[in-house]
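A closer look at the structure
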Amino acid sequence: QRSLLMPTLSIPTLPTHTSDTARQICDYLDREGFKGEIDDDGDVVFRCEGLAYLLCLDSADPQWGRLVVPFVWEWDSAQERTEVMQAVDFVNRRSKLVKAYSVHNRVHLSIQLLLEPVSCWASILLRCVRALAEARTLMINAIRLPELVTLDLQKLAQTKADKHDTPPATTH
């Protein structure tokens, strides 16, 4: 398990591609004013506006990457789990890129992408960071204000009903 605190990280010997990719991404983050570090798994860890981010890389699939905001929310009861899962569904319906998911009793947010070369990551990384931060805000608002989820579901149901009530277009 990873914590939101940034531990002291050592750079291990990694497969060349992942290591090179991670270093290139860290260099990009440094140029943008963020301190990127490589963790023991070869993933890139950094902070932006108070949030911890983890960019997971895979040496077996060098085009793939997953940017994660871990531990967005944790629940302790069955009732809270129900509310949190409704908020997860809400985020997944409302977000273009971000997917919310749970592992054990914690919610995480992620974006998975296939990109090559690494310069493609640099061109979209900050947009992904913004999308994850917005999804986190959306998630927290949905938990704290459950009426947002209720209104969204009502709107979705109305849209679905409207589609079924619309008469087919006629051709002349």
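Further up the page is the structure itself.
No experiment lies behind these values; they were computed from the predicted model shown. (Residues numbered from 1 in each chain as written. Predicted model: local features only at pLDDT ≥ 70, side-chain atom pairs only at ≥ 80, totals over all residues. Heavy atoms only, no water.)

Our next topic: the pattern of salt bridges. Enumeration over the complete set of coordinates arrives at two salt bridges. With a closest N to O distance of 3.8 Å, D20 and R23 form a salt bridge. A residue pair is termed a helical-turn pair when its members lie 3 or 4 positions apart in one helix, as D20 and R23 do in helix α1 (residues 16-31) at three residues. Classification of R23 as partly exposed rests on a relative accessible area of 37%. Its salt-bridge partner being R106, residue E74 comes within 3.4 Å of it at the nearest N-O pair. Here the residue E74 occupies a position in strand β4 (residues 64-74), and R106 occupies one in strand β6 (residues 106-114), the gap between them amounting to 32 residues. (Salt bridge = Lys/Arg side-chain N within 4 Å of Asp/Glu carboxyl O. Helix = DSSP H or I, 4+ residues; strand = E, 2+ residues; numbered from the N terminus. Buried < 20%, exposed > 50% of the residue type's maximum accessible area, 1.4 Å probe, protein only.)

To continue, consider the packing of aromatic side chains. In this structure the tally under the stated criterion is two aromatic pairs. Here F34 and F46 contribute two aromatic rings whose centre-to-centre distance is 6.4 Å and whose plane-to-plane angle is 50°, an arrangement assigned as tilted. Taken together, the residues F34 in the loop between α1 and β1 (37-38) and F46 in strand β2 (residues 44-48) connect sequence positions twelve residues apart. Judged by its relative accessible area of 19%, F34 falls in the buried class. Judged by its relative accessible area of 1%, F46 falls in the buried class. With centroids separated by 5.2 Å and ring planes inclined at 10°, the aromatic side chains of F46 and Y53 adopt a geometry described as stacked. Neither F46 nor Y53 differs from the other in exposure class; each is buried. In this structure, R106 is placed above the aromatic ring of F71, and the distance from its NZ or CZ to the ring centre is 4.6 Å. (Phe/Tyr/Trp six-rings, centres within 6.5 Å; stacked < 30°, edge-to-face > 60°. Lys NZ or Arg CZ within 6 Å of the ring centre and 35° of its normal.)

Within the largest apolar cluster, 44 residues are counted, with the highest numbers of intra-cluster contacts made by V44, Y53, L67, V84, V107, L109 and M139. Of all the secondary structure elements, the ones that give two or more residues to this core are α1, β2, β3 (51-57), β4, α2 (78-94), β6 and α3 (118-144). With five residues, the next largest nonpolar core counts V45, L54, C56 and V68 among its residues. (Core = buried A, V, L, I, M, F, W, Y, C linked by side-chain atoms within 4.5 Å.)

The subject of this paragraph is the pairing of β4. Across the eleven residues of β4, eight count as buried, placing the element largely inside the fold. By the bridge criterion, four bridges tie β3 to β4 in an arrangement that is antiparallel. Considered in β4, the bridge of L55 is made with L67. Between β3 and the antiparallel strand that follows it, β4, lie six residues. (Pairing = 2+ DSSP bridges.)

Our focus in this paragraph is α2. With 17 residues, α2 should reach 24 Å at 1.5 Å per residue; the first-to-last C-alpha distance of 24 Å fits that figure. Looking at α2, one finds that the buried residues are V84, M85, A87, V88, F90 and V91. (Expected span 1.5 Å × (residues − 1).)

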